[in-house]
Each structure stands twice: as C-alpha cells, then as structure tokens.
Amino acid sequence: MGKQGSPRSPRPDVVNVKDYQSRSSECLPGSDPILGRRLSGGDNNWKSKVALLHDLKHEYGKLGSCKAVYVGKRHLWFRKHVKSIVFMFALMGSLFLLDSFLVSLFDSINLQNSSSSRTSSDLKGGRTAYANEEEPPVQMYGRLQNLAYSALAEKELKQEPSNFWEEPWKASLWKPCADRKESEKIGQPDKNNGYIMVSANGGLNQQRVAICNAVALASLLNATLVLPRFLYSNVWKDPSIICNNVTSFTFGKCSQFGDIYQEEYFVNVMKDEVNIVKELPSHLKSLDIEAIGSLVCDLLGFYMLTITDADIVKEAKPIDYLTKVLPLLLQNGVVHLLGFGNRLGFDPLPARLQKLRCKCNFHALKFVPKIQEAGSLLIRRIRKYDTAQRMLDRQLVGEFLPGSPSKKHDSERGPSKYLALHLRFEVDMIAYSLCDFGGGEKEKRELQAYRESHFPLLIERLKHSKSISSSELRNLGRCPLTPEEAALVLAGLGFKRGTYIYLASSRIFGGESRMLSFTSLYPNLVAKETLLTPSELAPFRNFSSQLAALDFIACATADVFAMTDSGSQLSSLVSGFRTYYGGGHAPTLRPNKKRLAAILSENSTIGWNSFKDRVRKMIEEGQSVFIRGYGRSIYRQPRSPECMCRTH
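What counts as what
Residues numbered from 1 in each chain as written. Predicted model: local features only at pLDDT ≥ 70, side-chain atom pairs only at ≥ 80, totals over all residues. Heavy atoms only, no water. Helix = DSSP H or I, 4+ residues; strand = E, 2+ residues; numbered from the N terminus. Buried < 20%, exposed > 50% of the residue type's maximum accessible area, 1.4 Å probe, protein only. Core = buried A, V, L, I, M, F, W, Y, C linked by side-chain atoms within 4.5 Å. Domains from an automatic or database assignment. Salt bridge = Lys/Arg side-chain N within 4 Å of Asp/Glu carboxyl O. Axes fitted to C-alpha atoms, helices over the stretch in contact; angles between N-to-C directions. Parallel < 35°, antiparallel > 145°, perpendicular 65-115°, else oblique. Left-handed = near helix turned anticlockwise from the far one by under 90°. Contact = heavy atoms within 4.5 Å. Nonpolar A, V, L, I, M, F, W, Y, C, P; charged D, E, K, R; others polar. pLDDT = per-residue confidence, 0-100. Disulfide = S-S within 2.5 Å. Phe/Tyr/Trp six-rings, centres within 6.5 Å; stacked < 30°, edge-to-face > 60°. Expected span 1.5 Å × (residues − 1). Arc of directions from axis to C-beta. Pairing = 2+ DSSP bridges. Polar contact = N/O pair within 3.5 Å; in protein donor to acceptor, adjacent residues only side chain to side chain.

Draft legend 1. Structural context of unusual backbone geometry. Cis geometry marks the peptide bond from aspartate 347 to proline 348; its omega dihedral reads -5 degrees. Look at glutamate 315: it is not a glycine, yet its phi comes out positive at around 55 degrees. The residue glutamate 315 is located in the loop between β6 (295-296) and α12 (318-324) in this model. Residue classification places glutamate 315 among the partly exposed residues on the basis of a relative accessible area of 33%.

Here it is as structure tokens:
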C-alpha cells in the first residue's frame with residue numbers, strides 16, 4: 001500500500017460505525033440494516049474476475065480446437081509444447097485468483113473504513129475537540145500492523161478458529177451459591193444501634209461497590225441501612241442538572257438508586273440479614289446532620305466534620321469502624337458516610353460479611369425494567385436474532401430475555417458470537433498517566449493543558465518529584481493501551497477480521513484518527529449509539545450512569561470480554577459477574593501491560609509467529625482458574641467459599 005494521502009493509495013481518515021452500517025446496507029445485498037454487517041466483501045469484484053478467467057480459458061479452448069489448421073513445423077512445435085502452455089495458463093489463472101482475493105479483501109477494508117463517517121462524534125463522547133477530523137491516523141507500530149493484515153488475510157483462507165472463545169475447563173467447576181440458605185439462619189440482630197446513611201460518589205460501578213460495602217457495614221455495626229443516595233461527580237455526571245445541593249441534601253433529577261436498580265427487590269433479597277429502609281424515620285429527619293457530624297470518605301470537605309477521611313483510611317478494617325464510627329452511631333442514632341467508595345477492605349473480614357457482599361452484588365442489585373429492556377435490545381441486535389437463554393442473560397435482563405433461536409436460521413450455526421471491548425482511552429485517564437501516545441507535540445500540549453486544568457494536585461506533586469520518562473512508564477506497565485495495541489492483541493490471539501466487536505464507552509481520545517488503526521483490522525465495530533435508535537436512547541441520553549448500565553449488560557453477556565485496564569471498576573465488576581454466572585463459558589481477556597510493553601518494544605524486529613505465541617501465553621496465564629487471594633476484591637474474584645461452591 002502506498003504512502004498515506006497519496007493519490008495511488010487513498011486511505012480514509014474517518015472511521016465511523018454508524019455510516020458503515022447505513023451505507024453497507026444500501027450498497028451490499030444480504031447485509032444487516034441494523035448492524036451494517038458485511039456478509040460478502042467484494043463478492044461482485046470476485047465474481048467478475050472469475051468470469052473473466054473462465055472466458056480466457058474458453059478462448060484458449062477455441063484456439064485448441066483450431067490446431068488442425070496449423071501445418072508444418074508450427075504444428076509440430078505446438079504439439080510438442082502443449083503441456084507447457086497449459087501449465088503456464090493454469091499458473092497464471094491461480095495467480096490471478098489469488099490477486100483477486102487479496103484485492104477484494106483490502107478493497108473491503110477501505111470501503112468499510114471510508115463508509116464510516118459518523119462514528120467520530122460517538123467516539124468523542126460529546127467532548128469538544130480533542131481530535132481534529134483532518135488529522136492523519138496515529139500509528140505507533142506500523143510494521144506489526146502490516147504483519148497483522150497479512151495474518152488476518154491468511155486466517156480467512158485457512159478458516160482457523162480462535163481457541164479464546166472458551167474458558168479453561170476448570171472454570172466450569174465453580175457454581176454460584178452466595179444466596180444459599182444456611183442450616184443455621186443468621187438473621188438480623190435483636191438490637192438496632194441506629195441508622196447508616198450513605199451518599200456514594202463516582203460512576204455506576206463505584207456506586208455499586210459502595211452499596212454492597214454499606215450492606216456489609218450495616219451488618220457489622222448492627223444498624224439499619226437507609227437506601228443509598230448518589231452524589232454528583234465532575235467525571236461521571238448527568239449533564240441535565242447538578243445532582244445534589246450539598247448544603248441541604250437534595251438530589252434533584254440525577255440518577256438515584258430507584259432510577260437504576262429495583263428498590264423493592266433489593267430490600268426483599270437482603271431482608272433476612274440487613275434491615276433496609278427507603279428514608280430516615282420522621283423523628284430523625286429534623287436532626288441537624290452538620291451538628292452531629294458526618295463521616296467523609298472522599299476529598300469533598302463540604303461540612304463541619306468531626307471525623308474526616310484521615311480517620312477512615314482507604315481499605316479500612318472492621319476494627320476501624322468499631323472504634324471510630326460505632327461510638328458516633330450510638331451517640332446520635334444516625335451517621336452519614338459521604339463518598340464511601342473503597343473504604344472497607346476485603347481482608348480480614350468475617351466470612352458472613354463477605355457473603356453479604358456477594359449476595360448484594362450478584363443477587364440483590366437488579367436493573368430497572370427500562371434498562372433491562374434496552375439491554376435486551378442490544379444483545380438481540382448484536383447477535384442478529386434471539387439467543388439461547390443463559391444464566392447471565394436471565395440475571396441481567398430478567399423478563400426481557402430473548403427467546404429461543406429463530407427456526408429460520410441454521411440451527412447448527414448457533415447464535416452469532418461477539419466480543420465486548422472496554423477500551424480505556426479517555427482523555428482524563430491518558431492525561432493522568434503522563435505517557436506519550438505517539439500523537440506528536442500537539443497531542444502533548446493538549447494533554448498538558450488538560451492536566452493543568454483538571455489535576456492541579458498532580459501538577460504540584462510533579463514539581464517536587466523525580467520525573468519518569470514515558471518509555472519507563474510504559475515498561476512498568478503504567479500506560480493505558482491504545483486502540484492500535486488492543487487490535488494487535490486481538491489479532492495475535494487469532495480473532496478473525498470479521499469478528500463483531502462491541503465497544504463499551506465511546507469517549508475515545510483522538511476520535512477517528514486513533515480508531516483507524518483498530519477498525520482497519522476489525523471493521524465490524526458497534527456501540528450502543530449505533531445499535532439503538534435515537535428514540536430508544538433518548539430516555540438515557542442525559543444520564544451517564546444509566547448509559548453505563550447498558551454497557552455493563554452488553555459486556556457481561558458477551559461471548560468474550562476483553563479489557564485493556566484491569567484497574568477499571570467496570571472491567572472488574574463485569575469480569576466478576578461473568579465468573580459468577582458464566583458457568584465456565586464466559587472468558588475474559590486480561591492483557592498484562594508490562595509484558596505487552598516488552599513484546600511491543602521489539603516492533604522493528606519481532607516476527608509475527610513469535611509475537612502471536614508470546615501474546616497468547618500472556619493471555620492464557622491471565623485466564624488461570626484460582627481461588628481469590630488475600631486482600632483481593634471479591635467482586636472481581638468471586639471464586640471463594642463465601643461466594644461460590646466448587647463441584648467435583
């Protein structure tokens with residue numbers, strides 16, 4: 001292929017899923033009008049060339065039929081060399097067929113890329129202009145990209161399946177049992193020490209963790225839990241209105257517990273262990289919360305506080321709450337925890353509290369019907385038709401679960417498989433990382449400006465600390481994976497070019513200039529914005545937590561879930577949900593960023609087979625089946641006696 005931008009090799013600078021779906025459905029017979037799936041790339045081109053080859057052979061046949069008119073030496077020469085002539089024509093025909101296939105394959109890539117002109121607005125996620133539509137594609141590993149192109153083309157010819165659609169067989173030995181009935185019922189305590197109020201911050205997944213930690217804490221302190229409320233966040237915000245007035249504890253129209261989860265269901269599931277009420281009793285509503293003190297678990301500092309975040313450290317132990325919070329609760333009858341994201345550690349913790357966490361996360365928190373219905377639509381449209389009922393789907397979409405596969409489809413084919421990818425390449429994350437992503441001086445200036453505007457504490461800390469180069473940060477595994485790196489990993493794992501990929505969250509820094517290196521290898525990229533119509537998305541449009549719930553459903557029910565950052569709460573909770581309900585048939589791909597950086601550092605010399613083998617070994621080791629380690633999140637690693645049961 002020629003140089004970027006040259007007339008001989010035009011390459012599109014815009015990759016857009018929405019335009020791809022609409023244009024491909026107009027131009028190609030047999031394509032899906034919803035997903036824009038391309039069922040036969042370059043079929044017309046292929047058939048015309050095959051027909052031309054047939055005509056050539058036919059003309060040669062005519063020449064053969066006329067050989068009787070030749071006389072003398074010419075006739076003898078022709079008879080003597082007829083086998084050589086046939087061999088040459090056959091060789092030319094074979095080369096012509098191979099050339100036709102490769103041309104149609106790469107024409108297909110360019111056609112799908114060039115017909116994708118609307119994704120940029122979705123990938124930017126409404127951000128104002130961290131990417132210019134006229135900017136050239138950003139590519140850091142050009143040589144490996146070319147090797148990946150060739151490998152994917154060869155894989156189409158060989159029809160080799162990837163073995164990463166399944167988990168190791170040992171995974172199927174673990175079954176969900178956090179809701180099992182104990183022989184001796186624990187029940188609620190006879191004495192109630194008061195009420196715990198929780199105002200959780202962060203996005204959907206941080207709030208989910210806070211809810212289940214609050215359930216465990218209420219049990220620990222023999223307290224009644226008031227249904228948690230959600231705080232406004234500068235990052236995970238509902239832009240229609242500020243969620244709360246911090247001086248009066250009003251929460252406006254932002255997403256609250258009942259907008260995302262089924263309140264009555266939650267209360268009923270947990271009622272045997274923890275008493276949960278929707279609001280404080282009337283005799284406590286008039287209390288001056290400022291006077292009795294609130295417990296801050298974040299850097300919010302809104303109230304005159306008697307206990308600060310310095311008193312309750314991150315990952316606090318039960319003894320911290322028993323000595324510092326329980327006295328306040330006994331004195332006033334109510335305590336308010338503000339923030340409360342990761343303020344309860346995982347170990348040491350009594351087994352009954354670990355079990356409560358699991359029961360809350362995996363059984364008590366059900367999405368409201370509005371979210372379940374939209375999630376069911378996402379699943380159906382990715383797979384193209386109704387899928388077989390699985391435990392994962394039942395838990396997430398409830399009564400909106402798609403029915404059995406349609407009879408009009410080949411039963412042997414089974415449901416269409418798809419891979420969900422959580423690509424953590426948002427501007428806040430990459431700016432905070434301090435890494436270089438190959439976008440040149442302009443990109444560096446943009447990220448530095450963002451840091452100065454959004455992370456003043458980071459800027460101040462950098463002034464008094466030793467600087468670390470971007471290459472050192474990458475070698476230490478501290479740099480978020482780029483879309484290009486994610487695509488190379490998938491290619492190394494053997495996923496075919498036609499794999500359908502759901503992109504969770506579409507606020508990709510750099511927009512289409514960043515995504516082109518991904519979509520040129522894997523063009524069948526979809527997101528909730530392309531699968532749902534504007535009217536179907538309208539009820540969620542101004543509520544980021546509800547939109548995140550749709551991503552949660554699409555990722556958790558995927559045939560394969562791939563993450564690029566294991567520290568992400570979405571990736572952590574989704575992978576745990578798949579472990580708990582997947583039955584050993586819901587693989588999760590976890591790249592080791594440090595090991596991957598070492599592999600990619602050999603971009604200029606490494607062969608494709610070596611790259612492929614090392615990437616596969618890295619992922620296989622990350623898929624090992626093991627019991628939750630000490631101090632590890634039980635939401636992410638539920639294989640433990642308190643949460644799951646091992647069968648033999």
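More follows now that the structure is in view.
Draft legend 2. Local environment of the nonpolar core. Core analysis: the biggest nonpolar cluster contains 96 residues, and Ile196, Leu221, Phe266, Tyr321 and Tyr502 have the highest contact counts within it. The element best represented in this core is helix α7 (residues 204-220), accounting for 11 residues. Each of two domains, domain 1 (142-166 + 367-425 + 480-582 + 588-622) and domain 2 (186-242 + 253-364), supplies a minimum of three residues to this core. Counting residues in each nonpolar core, the second largest holds 53 residues, with Phe164, Tyr450, Leu521 and Leu525 among its members.

Draft legend 3. Representation of the pattern of salt bridges within the structure. Under the criterion given, the structure shown has 19 salt bridges. Of the charged contacts in the structure, one is a salt bridge between aspartate 551 and lysine 528, with a shortest N-O distance of 2.8 Å. One end of the pair, aspartate 551, is in helix α25 (residues 544-556); the other, lysine 528, is in helix α23 (residues 528-531), and 23 residues separate them in sequence. Of the two residues, aspartate 551 and lysine 528, both sit in the buried class.

Draft legend 4. Geometry of the packing of helix α15 (residues 369-383) against α25. Remark: α15 packs on α25, axes separated minimally by 9 Å, with the N-to-C direction vectors making an angle of 45 degrees. Judged by the angle between their axes, α15 and α25 are oblique. Note on packing geometry: the crossing formed by α15 with α25 is right-handed. Counting all contacts with α15, which are made through Lys370, Ile371, Ala374, Gly375, Leu378 and Ile379, the residues of α25 involved are Gln546, Ala549, Leu550, Ile553 and Ala554. Here the residues of the contact of α15 with α25 are counted per class, giving 8 nonpolar, 2 polar and 1 charged.

Draft legend 5. Local environment of the environment of lysine 324. Topologically, lysine 324 is positioned in helix α12. Taking the relative accessible area as the measure of exposure, lysine 324 reaches 35% and is therefore partly exposed. Spatially, the C-alpha atom of lysine 324 lies 8.1 Å from that of isoleucine 312, the residues being 12 residues apart in sequence.

Draft legend 6. A look at the side chain of serine 470. As for its position among the elements, serine 470 is in helix α20 (residues 470-475). Ignoring sequence-local partners within four residues, the contact set of serine 470 consists of Leu434, Cys435, Asp436 and Cys479.

Draft legend 7. Representation of the confidence of the model for the protein chain. Across the protein chain, pLDDT averages 77, with 68% of residues at or above 70. Taken as a whole, residues 103-133 scores under 50 in pLDDT and shows 96 contacts with residues more than four places along the chain or in a different chain. In this model residues 405-415 is a low-confidence stretch, pLDDT under 50, and it forms 13 contacts with partners more than four residues away in sequence or in other chains.

Draft legend 8. The state of the cysteines, seen in detail. One pass over the structure, following the stated rule, counts 4 disulfides. Two residues share a disulfide in this structure: cysteine 212 and cysteine 360, whose sulfurs sit 2.4 Å from each other. On the sign convention where negative is left-handed, the bridge of cysteine 212 and cysteine 360, at about -80 degrees about the S-S bond, is left-handed. Of this pair, cysteine 212 sits in helix α7 while cysteine 360 sits in helix α14 (residues 351-364); the two residues are 148 residues apart in sequence, bridging distant segments of the chain.

Draft legend 9. Just the packing of aromatic side chains, in detail. All told, the structure shown has 17 aromatic pairs when counted by the stated rule. Their ring planes at 55 degrees and their centres at 5.5 Å tell us that phenylalanine 257 and tyrosine 261 sit as a pair that is tilted. With relative accessibility at 2%, the residue phenylalanine 257 sits in the buried group. Relative accessible area serves as the criterion here: at 2%, tyrosine 261 is assigned to the buried category.

Draft legend 10. View of helix α18 (residues 440-454). The end-to-end C-alpha distance of α18 is 21 Å, a good match for the 21 Å that 15 residues give at a rise of 1.5 Å each. Considered for burial, the residues of α18 that qualify are Glu443, Glu446, Leu447, Tyr450 and Arg451. Axial view of α18: buried residues confined to an arc of 135 degrees, hence all on one face. In α18, the exposed residues that point more than 90 degrees away from the buried face are Glu441, Arg445, Glu452 and Ser453.

Draft legend 11. Layout of the sheet that holds strand β11 (residues 560-563). Taking strand neighbours across the sheet as the criterion, the 5 strands line up as β10-β9-β8-β11-β12 in an open arrangement whose pairing is parallel. Each end of this open sheet is capped by a strand with a single partner; those strands are β10 (525-526) and β12 (588-589). Pairing of strand β8 (residues 418-422) with strand β9 (residues 500-504), which is carried by 5 bridges, proceeds in the parallel orientation. Following the sheet pairing, alanine 420 is matched in β9 by tyrosine 502.

Draft legend 12. The arrangement of the environment of tyrosine 261 in detail. Position of tyrosine 261 among the secondary structure elements: in the loop between α8 (257-260) and α9 (263-270). C-alpha of tyrosine 261 to C-alpha of arginine 208: the two residues are 53 residues apart in sequence and 10.0 Å apart in space. Looking at tyrosine 261, its side chain comes within polar contact range of the side chain of arginine 208, at 3.5 Å.

Draft legend 13. Looking closely at the pairing of β8. Of all the 5 residues making up β8, 5 are buried; the element is thus mostly covered by neighbouring parts of the structure. The two faces of β8 match: Tyr418, Ala420 and His422 on one face and Leu419 and Leu421 on the other face are all buried. Of the pairings in the sheet, the one linking β8 to β11 comprises 4 bridges and is parallel in character. Within β11, the position partnered with leucine 421 by the bridge is alanine 562.

Draft legend 14. Broad picture of the packing of α7 against α25. For the pair α7 and α25, the least separation of the axes is 9 Å and the interaxial angle reads 85 degrees. As summarised for this structure, α7 and α25 are arranged roughly perpendicular, according to the angle between their axes. The residues of α25 that touch α7, namely those facing Leu204, Asn205 and Gln207, are Ser545, Ala548, Ala549 and Phe552. In terms of residue class, the contact of α7 with α25 is built from 4 nonpolar, 3 polar and no charged.

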